[in-house]
Amino acid sequence: MAQILDIAQVGVRVPDRRRWEQYADEVLGFPTFRSSEGAVTYVRWDAFHHRLALSEGPEPELRYLVFDVGSAEALEEWAAVLTSKQVAVSRVDAAQCRERRLAGAIDFQDLDGHPVALGYGFQVAQEAVRYTRPLSVLRMGHVLLTVRDTARAHDFYTGVLGFKLSDWVHVTDAVRLCFLRVNPRHHTLALAPCRPGATPRLQHIMVEVESLDDVMRSYHHVRMRKAPVGMGPGKHANCQTIHVYVPTPGGFAIEFGYGHRRLDDTIHQPVIYPPGTPVDVWGGDVQSEEFVIG
Ligand SMILES: [Fe+2]
């Protein structure tokens, strides 16, 4: 049975690409560079050519969320599996593969219309990352997507795509967050309910940093530049990540996280954290309008 190995890339549309590039440079600490024809801005933070690609659009919008399946053979297996489960897949064409810097991929949509892709052969960078401030990022950890029905989305990602349930966190009776994994990291995908009337969206991307110092340096760097902090520094109850969330001008936040828990499939039993479970065990709350879960 083919498996998803990891999260690999995120592509988004942002209203003002120049502003996002400046924000990456001055606040986030990530180097950016444009594609040769200029239509795409790549954002790099680890060993890969890029993890995030920005193009321009009238509104912030997720263009694709790519998971790594490891090989051409696995991709073919997945194409057959998805088709057999009535998920319409389309082959990513050669030009798009070049733009995304991968060898092959298929696109499809989840039940909320989020554009998901499976791919393989992601280009690795030739040189070390040149962060714009003291920072060390190990990898991309996860994304949080908002969805209309978290139970339905859970069934799709576990039943069709083979994600494993790590836990549910019931912040309140109405706000139930679902955490799913594809490897030992506690979660690769988190699902949260949309606020009433809101459209499902990408809410944040987590980058796993090397040390606690990277989290706290990020926090003070953002604060001293008078940029908004979304939440943190704090620590999550379920995945134990020590985090700081930084909203970006693209309508989604970057989470700098350290200490993210690893689970052993042979012993972990899914947990339901009851209503009243805080999102931050240190007692922190959401600190800016730009950062809302949902
Ligand atoms: Fe997160």
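The structure presented is a predicted model; accordingly, all values stated were derived computationally and were not measured.

**Here's the deal with the nonpolar core**
Formed by 77 residues in total, the largest nonpolar core has its most connected members in Leu 118, Val 143, Leu 191, Ile 205, Val 207 and Val 246. Of the residues forming this core, the biggest block, six residues, is contributed by strand β9 (residues 137-147). Summarising the domain contributions, this core has at least three residues from each of domain 1 (6-120) and domain 2 (137-273). In this structure Leu 191 touches Leu 145, Val 147, Thr 150, Ala 153, His 154, Leu 177 and Cys 178, once residues within four positions along its chain are discounted.

**What about the sheet that holds strand β2 (residues 32-34)?**
A sheet is described by the order of its strands in space; here eight strands give the open sequence β2-β3-β4-β1-β5-β8-β7-β6, paired in mixed fashion. Edge positions in the sheet fall to β2 and β6 (90-91), since each of these pairs with one other strand and no more. Relative to strand β7 (residues 104-109), β6 runs antiparallel, the two being bridged by two bridges. When the sheet's bridge partners are listed, Ser 90 is paired in β7 with Asp 107.

**Notes on the domain arrangement of the chain**
Each assigned domain of the chain is listed here: domain 1 (6-120) and domain 2 (137-273). For domain 1 and domain 2, the distance between their C-alpha centroids amounts to 19 Å. Counting residues at the interface gives 27 residues for domain 1, matched by 31 residues for domain 2. Those elements that place two or more of their residues in the side of domain 1 that touches domain 2 are β1 (6-14), α1 (17-28), β4 (52-56) and β5 (61-68). Ranked by residues supplied to the side of domain 1 that touches domain 2, first place goes to α1 with six residues. Considering only residue class, the side of domain 1 that touches domain 2 consists of 16 nonpolar, two polar and nine charged.

Conventions and cut-offs
Residues numbered from 1 in each chain as written. Predicted model: local features only at pLDDT ≥ 70, side-chain atom pairs only at ≥ 80, totals over all residues. Core = buried A, V, L, I, M, F, W, Y, C linked by C-beta atoms within 7 Å. Buried ≥ 20, exposed ≤ 12 C-beta atoms within 10 Å, placed from the backbone. Helix = DSSP H or I, 4+ residues; strand = E, 2+ residues; numbered from the N terminus. Domains from an automatic or database assignment. Contact = placed C-beta atoms within 7 Å. Pairing = 2+ DSSP bridges. Nonpolar A, V, L, I, M, F, W, Y, C, P; charged D, E, K, R; others polar.

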